[in-house]
Amino acid sequence: MIGAKSFLGLPTASPKGIISDSNSLSTNSRSVGVFRACVSMEGSQTMRHSTNGSIPELKSVNGHTGQKQGPLSTVGNSTNIKWHESPVEKVDRQRLLDQKGCVIWVTGLSGSGKSTLACALNQKLYQKGKLCYILDGDNVRHGLNRDLSFKAEDRAENIRRVGEVAKLFADAGIICIASLISPYRRDRDACRTLLPEGDFVEVFMNVSLEVCEARDPKGLYKLARAGKIKGFTGIDDPYEPPLNCEISLGQEGTGTSPIEMAETVVAYLEHKGYLKA
Ligand SMILES: Nc1ncnc2c1ncn2[C@@H]1O[C@H](COP(=O)(O)OS(=O)(=O)O)[C@@H](OP(=O)(O)O)[C@H]1O
Ligand SMILES: Nc1ncnc2c1ncn2[C@@H]1O[C@H](COP(=O)(O)OP(=O)(O)O)[C@@H](O)[C@H]1O
């Protein structure tokens, strides 16, 4: 595996702007390979990547050549914006980490065990040397999404933002575990479409309302039943279970401890090839 050190040891530009580092490349066994020309954008100078995703050989930094750049776009309310390619691509980051970036989207009622599964899964993958990051609904609402309530349109925006952030993590080569109630099918499906086929793994915590309510670790169901929390999922707000999720956890006959559930997800990722570059 290419270590972080060798990556951080990337060379500096020579006076001519040509970057070369035969030393660090020669110590990297993955660097031996055929080089292909990088997709060249208008205004960029030639960049070359190895076909095996090893550290790219840079000849200039895209977008900093002083030449005219390609067309501008408008996306939503953002006008005159331009997409910038990076000379280090997803495949390079994945090689570095020896894994494939993806999103594990954990959905289910409050108290169904989403956060517990996310933590157990993170630990299992960490033990295997795999890099994960958890985006937990409760946590993200402490910062990025603190402006959002629990009404339907705010939940939708919550899911949309987390979906976009998760996509960035996956692009970084990281296994991103998003654990949110995400009660609406349409919102979850919209996140799925942000990612390449297979890279969005929907995990349904298939645990009944009765069980969740009996657990009630935060006392929220009690408050909702007493009418002190309005619009609580499962009580007076909807939850739409997935119709075609990749993994459903919690039913009788399957391992239902957090560790067993995490093992089921790890086995899935292993089988689908996400735990190697
Ligand atoms: N009205 C209402 N309905 C459901 N949940 C509520 C509500 N109000 C507060 N909470 C707390 O918020 C946590 C869920 O946040 P999420 O971001 O995952 O919700 S959502 O996906 O936007 O529906 C949820 O955390 P979990 O119990 O971990 O699911 C609750 O602690
Ligand atoms: N697989 C499981 N089996 C039994 N209890 C669990 C399991 N997973 C979580 N719990 C318990 O259920 C409660 C809710 O778990 P939590 O992960 O906070 O759910 P959520 O994030 O969906 O709200 C906690 O008290 C936790 O210890």
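These numbers were taken from a predicted model, which means no experiment stands behind them.

Student: Now, about the pattern of salt bridges: what can you tell me, with residues and values included?
Tutor: Taken as a whole and judged by the stated rule, the model has 14 salt bridges. Here R93 ties to D171 by a salt bridge, and the two come within 3.2 Å at their closest N and O atoms. You can see R93 sitting in helix α3 (residues 90–97) and its partner D171 sitting in helix α6 (residues 152–171), a full 78 residues away along the chain. Residue classification places R93 among the partly exposed residues on the basis of a relative accessible area of 21%. As a salt-bridge pair, R188 and E202 come within 2.7 Å of each other at their nearest N and O atoms. Placement of R188 in helix α7 (residues 185–193) and of E202 in strand β8 (residues 200–205) is noted, with a sequence separation of 14 residues between them. Residues R188 and E202 agree in their burial class; the two are buried. Overlapping salt bridges bring together D147, E157, R160 and R161 as one network.

Student: Run through the site of ligand 1, naming residues and quoting values.
Tutor: Residues in contact with ligand 1 amount to 20 residues; listed here are only the nearest, S110, R141, N158, S182 and K218. The side chain of N158 places a nitrogen or oxygen atom 2.7 Å from an oxygen atom of ligand 1. Contact with the protein chains removes 91% of the 630 Å² of surface that ligand 1 exposes when unbound. Elements with a minimum of two residues in the shell around ligand 1: α5 (137–140) and α6. Residues belonging to the shell around ligand 1 are distributed by class as follows: seven nonpolar, seven polar and six charged.

Conventions and cut-offs
- Starting from 1, residues in each chain are numbered consecutively following that chain's sequence as written.
- Labels follow written order: the first chain is A, the first ligand is 1, and so on.
- Side-chain atom pairs in this predicted model are given and counted only at pLDDT of 80 or more, local residue features only at pLDDT of at least 70, and totals for whole chains, interfaces and linings cover all residues.
- Remark: hydrogens and water are excluded; side-chain values derive from all non-hydrogen atoms of the structure.
- Here a salt bridge means any side-chain nitrogen of Lys or Arg lying within 4 Å of a carboxyl oxygen belonging to Asp or Glu.
- Put simply, DSSP H or I for four residues or longer makes a helix, DSSP E for two residues or longer makes a strand, and each gets a number counted from the N terminus.
- Categorising residues by exposure relies on relative accessible area from a 1.4 Å probe, with only protein chains included: less than 20% of the type maximum marks a residue as buried, more than 50% marks it as exposed, and the intermediate range marks it as partly exposed.
- The cutoff for a nearby residue is simple: one of its non-hydrogen atoms must lie within 4 Å of the molecule or strand.
- N or O atoms within 3.5 Å of each other form a polar contact, as long as, within protein, one can give a hydrogen and the other can take it, and as long as residues adjacent in sequence are counted only when both atoms are side-chain atoms.
- Residue burial considers only the protein chains on display, and all accessible areas are found by Shrake-Rupley using a 1.4 Å probe.
- Each residue gets one of three labels, nonpolar for Ala, Val, Leu, Ile, Met, Phe, Trp, Tyr, Cys and Pro, charged for Asp, Glu, Lys and Arg, and polar for the others, Gly among them.

Treat this as a map of the structure, not an account of what it does.
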